[in-house]
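# Notes for the structure review
Here's the letter readout for the chains.
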Amino acid sequence: MSLKKIALVGNMNNNFFVLLRYLISWGYNNSHLYYLSSEPSHFSPENDTYNKDFLKKTSKIQVGDVTILNNNKRKKIQLLLKNYDFIICSGPSMGLLHFSSIKIDLFIPYGSDLYDLPFPKFTKNVYYYIRKLHFSRHQRLAIKKIKYISIADEPQHLMIALETIGFKGELLKSGVPMMYPEKESYSSTFSDEVKQIKNNYKCVLFHQSRENWHDCKDPKANKGNNILYEGLSKFISSHPILGESVAIISLEYGNDVEKSKKLIKKLGIKNNVFWFPKMKRRDLLQGLKISDIIAGQFVVSYFTYGAVFEALANSKPLLHYLDKEKYKNFTPYPFLNASNPDEISDNLLMFFKDEAKMVKIGNEGGKWYSEFFISNVKKDIEKIIKKEC
């Protein structure tokens, strides 16, 4: 058991609540998560678990608009974190802690906290712009000065941001787990409905990605949901009997939900797609466990993101797009690759031809997650703690 006091600050995507649970499982029982009141409510820890014991290790920091920096916030943060031996940050907490003169040991970005927050965009509201300039300067300086940053892959836009900021520290390639697989299953209205769908359809694809494909202001956020729906339509046209037994579960989450529904109606696959409202991840995972394939995104190639880990950690076959050449230096996880409707259709046919192979892909993905990825995260964090504490 380690007596080191570890603070995790920030919880976008529930990433640090996941890391907290792993830290505790590794013997760092004096770990505590401080999540920000400014973060989306569905990323609060109670939405990610039914285990109330873990929630005792979390606290919400009431910060209001985190980009407004003042002496009251500085004193509050200093009082809160003064007795910790090791501090891990993500999101705008980097700028907040730098402003508060708190030493940060490790930065694990989720994306926009690295490529967007340090670089303020001009706005006609002068007061707002000056405030953003002040905060962005602290976010930028915190990243520039920190000794360790961990990113599981090397997306070009994040590497460019690091170079622009002038980061000179050590770049680790382990990242953050994003998913803590709790073995217990809990019944809910949603899981009961997914069970009913599974009773009626041989192959159920679980598609929890945000619906964002038609009007993408940020091309990096294009999920390619339309490709999945068009792929299912193609499969049904080519294999009508098999196609009747394929279903997709999607969430009413994202800017293009209505456009996706219109496309589905146009493609004639309305009876094969089931919509559910955005929900707590602890409930979402109960439905995911019942499904056969997890469908991620199909336009932008990312080695890791939430749906990837949700599939791998639960030993489910993952269907998404990955540019293998781009990630040739990474240890690959097993998955089903698709970037167009034809490839979606081909992978669905593979499911019906060799269901045992699909199960094997899922199990090998689970093994990769626990024996390779998680072990590397643990190794990197323990190495830094040993050096810095």
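Heads up: the structure comes first, above all this text.
The rules we used
- Residues numbered from 1 in each chain as written.
- Predicted model: local features only at pLDDT ≥ 70, side-chain atom pairs only at ≥ 80, totals over all residues.
- Heavy atoms only, no water.
- Helix = DSSP H or I, 4+ residues; strand = E, 2+ residues; numbered from the N terminus.
- Buried < 20%, exposed > 50% of the residue type's maximum accessible area, 1.4 Å probe, protein only.
- Contact = heavy atoms within 4.5 Å.
- Salt bridge = Lys/Arg side-chain N within 4 Å of Asp/Glu carboxyl O.
- Pairing = 2+ DSSP bridges.
- Phe/Tyr/Trp six-rings, centres within 6.5 Å; stacked < 30°, edge-to-face > 60°.
- Lys NZ or Arg CZ within 6 Å of the ring centre and 35° of its normal.

### Digging into the environment of L312
Secondary-structure assignment places L312 in helix α13 (residues 306-313). Under the relative-accessibility criterion, L312 is labelled buried at 1%. Here the alpha-carbon distance between L312 and P334, two residues 22 residues apart in the chain, equals 8.9 Å. Apart from the residues lying within four places of it in its own chain, the contact partners of L312 are Y333, P334, G365, G366, W368 and Y369.

### Topic: the pattern of salt bridges
Scanning the entire structure with this criterion turns up 18 salt bridges. Of the charged contacts, one joins D215 and K259 as a salt bridge, the two residues approaching to 3.1 Å between their closest N and O atoms. Highlighted residues: D215 in the loop between β8 (203-207) and α9 (225-238) and K259 in helix α11 (residues 257-267), separated in sequence by 44 residues. Linking D342 and K234 is a salt bridge whose minimum nitrogen-to-oxygen distance equals 3.2 Å. Of the two residues, D342 sits in helix α14 (residues 341-353) while K234 sits in helix α9, which places them 108 residues apart along the sequence.

### Considering the sheet that holds strand β9 (residues 246-252)
Through backbone hydrogen bonds, the strands of a sheet pair up, either in parallel or in antiparallel fashion. Strand order in the open sheet formed by 6 strands is β10-β9-β8-β11-β12-β13, with parallel pairing between adjacent strands. Whereas interior strands pair on both sides, the edge strands pair on one side only; in this sheet they are β10 (273-277) and β13 (336-337).

### Topic: the packing of aromatic side chains
Tallied over the entire structure, the rule returns 23 aromatic pairs. A ring pair is formed by F190 and F276, whose centres lie 4.8 Å apart and whose planes are at 80°; its orientation type is edge-to-face. Of this pair, F190 sits in helix α8 (residues 189-200) while F276 sits in strand β10, and the two are 86 residues apart along the sequence. Aromatic side chains F303 and Y333 sit 4.9 Å apart centroid to centroid with 40° between the ring planes, which places their arrangement in the tilted category. Placement of the pair is F303 in the loop between β11 (293-295) and α13 and Y333 in the loop between β12 (318-320) and β13, with a sequence separation of 30 residues. According to the relative accessible area criterion, F303 is buried, its value standing at 4%. Within the aromatic cluster, the residues linked to one another by ring pairs are F303, F309, Y327, F330, Y333, F335, W368, Y369, F372 and F373. Geometry around Y84 places K5 over its ring, the cationic atom sitting 4.7 Å from the centre. The residue whose ring lies beneath R282 is Y50, and the NZ or CZ to ring-centre distance is 4.5 Å.

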